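Survey of secondary and tertiary structure
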Amino acid sequence: MTGHHAGERPAVEVIYSAESIAERLEALAQEIKARNLERPLVVAVLKGSFVFAADLLRALYRSGLEPEVDFLTLSSYRKSRTSSGAVEILRDLDLSPEGRNVLLVDDVLDSGRTLVFAKDLISARGAASILTCVLIDKKVPRAVDVAADFSAFESDDAFVVGYGMDVAHRYRELPFVGRMTKE
Ligand code: IMP
Ligand code: MG
């Protein structure tokens, strides 16, 4: 990839191409459909999951599902690449999850704090069931005990960007998932 300064060496290396993501999402939608969720409500955790959620929703449509969708904007107090622990609601849901079968969608499962926070919130509001779906399941020790019910891909602890994911607000627009190779 060309950096924005002339002469800069590539900073992002492709790990999942746009084509491989598209193919994986079709299979993922079939896995989700097989759970026979009644009146599914997709809750996308913003900002990082916005591209994944948009593509997953359309793959779910193609699989025959008719999910509703809402958004929850969380901040995980993440300065650059490390998580400090606290999670805060920046923008709450519009819809009530009460009695709904929620599919919680996030970009990366890392320490697990974000997913646990979102799960606890939705559970406290009376969801009938909650399944979690992440684009990238990082195979690293969790700070809290949580596992994703569905994941598109697994990765090591490399910092990933693109396909909605950022480092310091950059790279969300990349159509592929990449890893940082240099600052
Ligand atoms: P956790 O709370 O530590 O599991 O971190 C999850 C959140 O941190 C995700 O919702 C992402 O927004 C962000 N995050 C964690 N790892 C990465 C990464 O490698 N790239 C981009 N964002 C990440
Ligand atoms: Mg996130």
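Residues numbered from 1 in each chain as written. Chains lettered and ligands numbered in written order. Predicted model: local features only at pLDDT ≥ 70, side-chain atom pairs only at ≥ 80, totals over all residues. Heavy atoms only, no water.

This brings us to the pairing of strand 3 (residues 68-75). The pairing of strand 2 (residues 40-46) with strand 3 spans 6 bridges and is parallel. Among the inter-strand pairings, V43 is bridged to a residue of strand 3, identified as D70. What joins strand 2 to strand 3 is helix 2 (residues 50-62), and the crossover it makes is right-handed. (Pairing = 2+ DSSP bridges. Helix = DSSP H or I, 4+ residues; strand = E, 2+ residues; numbered from the N terminus. Right-handed = clockwise from strand over helix to strand, strands pointing away.)

In the vicinity of ligand 1 lie 14 residues, with S111, G112, T114, K138 and V160 positioned nearest. Its free accessible area being 480 Å², ligand 1 has 93% of it covered by the protein chains. For the shell around ligand 1, the secondary-structure elements that each account for two or more residues are strand 7 (101-109) and helix 3 (113-124). Looking at which element gives the most residues to the shell around ligand 1, the answer is strand 7, with 3 residues. Residues that form the shell around ligand 1 fall into these classes: 4 nonpolar, 3 polar and 7 charged. (Near = heavy atom within 4 Å. Areas by Shrake-Rupley, 256 points an atom, 1.4 Å probe, with all protein chains shown as cover. Nonpolar A, V, L, I, M, F, W, Y, C, P; charged D, E, K, R; others polar.)

Relative orientation of the contacting elements helix 1 (residues 18-33) and helix 2 amounts to 60 degrees, with a least axis distance of 9 Å. The two elements helix 1 and helix 2 meet at a crossing, and its hand is right-handed. Across from L25, E26, L28, A29 and I32 in helix 1, the residues of helix 2 making contact are F52, D55, L56, A59, L60 and R62. The residue inventory of the contact of helix 1 with helix 2, partitioned by class, reads 8 nonpolar, no polar and 3 charged. (Axes fitted to C-alpha atoms, helices over the stretch in contact; angles between N-to-C directions. Left-handed = near helix turned anticlockwise from the far one by under 90°. Contact = heavy atoms within 4.5 Å.)

Turning our attention to the sheet that holds strand 8 (residues 129-138). Here 6 strands make up an open sheet; going across it, the order is 6-3-2-7-8-9 and the pairing mixed. If you trace the sheet from one side to the other, it starts and ends with strand 6 (88-91) and strand 9 (150-155), each paired once. Going from strand to strand, the sheet's axes swing by 30 degrees on average, the running direction of each strand aside. Across the sheet, helix 1 is in contact with strand 7, strand 8 and strand 9; its angle to strand 9 comes to roughly 140 degrees. Lying on the sheet, helix 3 is in contact with strand 2, strand 3, strand 6, strand 7 and strand 8; it crosses strand 7 at an angle near 165 degrees.

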